[in-house]
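Observations on chain architecture
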Amino acid sequence: MPAVGFATGGTNKEYPGNLTLYVTVTCIVAAMGGLIFGYDIGISGGVTSMDSFLRKFFPSVFRKKHENATTNQYCQYDSETLTLFTSSLYLAALLASLVASTVTRKFGRKLSMFFGGVLFCAGAIINGAAKAVWMLILGRILLGFGIGFANQSVPLYLSEMAPYKYRGALNIGFQLSITIGILIANVLNFFFAKIKGGWGWRLSLGGAMVPALIITVGSLVLPDTPNSMIERGSRDKAQRQLKRIRGIDDIDEEFNDLVAASEASKQVQNPWSNLLQRKYRPHLSMAILIPFFQQLTGINVIMFYAPVLFDTIGFGSDAALMSAVITGIVNVAATIVSIYGVDKWGRRFLFLEGGVQMLICQAVVAAAIGAKFGVDGNPDTLPKWYAIVVVLFICIYVAGFAWSWGPLGWLVPSEIFPLEIRSAAQSINVSVNMFFTFVIAQVFLTMLCHMKFGLFIFFAFFVLIMSIFIAFFLPETKGIPIEEMSKVWKTHWYWSRFVSEEDFPNRGGVEMGKGGRYA
């Protein structure tokens, strides 16, 4: 078996520059675009477990939950209309991300963020004021359009603004914002559910206006990235901007590489069809498989339906919402671990460690739920200690995801694409992510009803497959400038058969050493 991974064969190119306060603040503001995605993930599961919400919009689910004591616990939330409420957002996000590619490339990353914030805000207003199911779904579609624009542009913005040595940590700020959004939503659901009169769900859904306004206003005050300025013909402004964000005057080498990348990108008439070329086979494979595997970790089963899931395995409604808050806290803390370690330990290490951790936890949770619920889903009294054990292993699972597949699923695709295909490839990445998020959200409750505790085994199988994929096919991208990323494919044991030196001529003057390695 050939050596797995790749060797750089020497030192990587090093651009001078510092992590300035200006670029740090800029990246923090931009990363807040993740709040809208996280808030929605957290809020939807909590709202769908609120009795007042179910009674008004999904009375059949409410009756199964309360009026039929013999209902199989696994099946009490099985409703196509209820899952359509959750999953319609992700289908809309898929479509929006394709349009966002053109907007991002032609008009800059900022405008895509602005559209994302405005559309999300409109969706939040309609959902908060909803009188019928069609209003809920219309609002969800607008929320989805907003998420499609934001998720397409924010990771690209962060990867382009950050110095390459700190790119991993700053880019993971996007995932940190997602986790903070989930936590805030879970906390708000816990308190809003206690409001007398049963209208707390309106505050939960309407509260999405706050993160929407943050990214909308933020997009107006953020500077554009040098890459985007060059791409749109403003080279002098781009040079001044690069000096400002790097904190030094000696930026000629990096600037020249950005210009060379832009010139190469202008030779591409159609980035979408260009993606199908042989030399982009590694990039297209990662743009499809990484988001595909990210969704099949099973994380959205936990995050979308955490309150529903905990209620289903024997917690009361308040306890279910509180358990979701606990997993939200774990999610945030573990993401901070990833920010610390991603540029220190590398992407591959975190991917593989997280995979092993999630695999073990899914096996334990499946065994614990299966032993107590069996296949009929009607347990006797669920001991408190038993429920705590289940929550504990779910939290360990969430931690494993939050420092591996969660942030890296957005970071790695956003940093590996050459400028000439960057917007189109990122749209593929977001579209695949949203498509499988939609599929999982749409079928999860039905799968839970039919597969019972075996659902966790189903996702554990994919965690095993994706860990093998990372071990053999993902090269390490830590510490490599974004415009020099082609070297990881040229020296990889498998991908080198698709990529040659002629495909990606050396733009920055780095010489090839013996054996095709960079010296």
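Everything here concerns the structure above.
To keep things clear, this report deals only with the structure shown in the data block. Here the structure is a predicted model, which means the values were calculated and not measured. (Residues numbered from 1 in each chain as written. Predicted model: local features only at pLDDT ≥ 70, side-chain atom pairs only at ≥ 80, totals over all residues. Heavy atoms only, no water.)

Under the defined criterion, the tally for this structure stands at 10 salt bridges. Close ionic contact of Arg109 with Glu231 constitutes a salt bridge, the shortest N to O distance being 3.1 Å. In this pair, Arg109 sits in helix H6 (residues 109-128) while Glu231 sits in helix H11 (residues 226-231), placing the two residues 122 residues apart along the sequence. The two residues Arg109 and Glu231 agree in class, both being buried. Across the pair Glu415 and Arg347 runs a salt bridge, and its minimum N-O distance is 2.9 Å. Highlighted residues: Glu415 in helix H20 (residues 405-416) and Arg347 in helix H18 (residues 347-373), separated in sequence by 68 residues. Here Glu415 matches Arg347 in class, with each residue buried. When salt bridges that share partners are traced, they join Arg109, Glu160, Glu231 and Arg422 into one network. (Salt bridge = Lys/Arg side-chain N within 4 Å of Asp/Glu carboxyl O. Helix = DSSP H or I, 4+ residues; strand = E, 2+ residues; numbered from the N terminus. Buried < 20%, exposed > 50% of the residue type's maximum accessible area, 1.4 Å probe, protein only.)

Another point: the packing of aromatic side chains. Scanning all chains against the criterion turns up 31 aromatic pairs. Judged by centre distance (5.7 Å) and plane angle (75 degrees), the ring pair of Tyr340 and Trp345 falls under edge-to-face. The cationic tip of Lys56 hangs over the ring face of Phe57; the distance from NZ or CZ to the ring centre is 5.6 Å. If you follow Arg244 out to its NZ or CZ, it ends over the ring of Tyr22, 3.9 Å from the centre. (Phe/Tyr/Trp six-rings, centres within 6.5 Å; stacked < 30°, edge-to-face > 60°. Lys NZ or Arg CZ within 6 Å of the ring centre and 35° of its normal.)

A surface patch of nonpolar side chains, about 400 Å² in accessible area, is lined by Val337, Tyr340, Trp345 and Phe349. Sorting elements by how many residues they give to the nonpolar patch places helix H17 (residues 317-345) first, with 3 residues. As for its position among the elements, Tyr340 is in helix H17. (Patch = residues over 30% accessible without salt bridge, like charges linked within 9 Å, V, L, I, M, F, W, Y side chains within 5 Å. Areas by Shrake-Rupley, 256 points an atom, 1.4 Å probe, with all protein chains shown as cover.)

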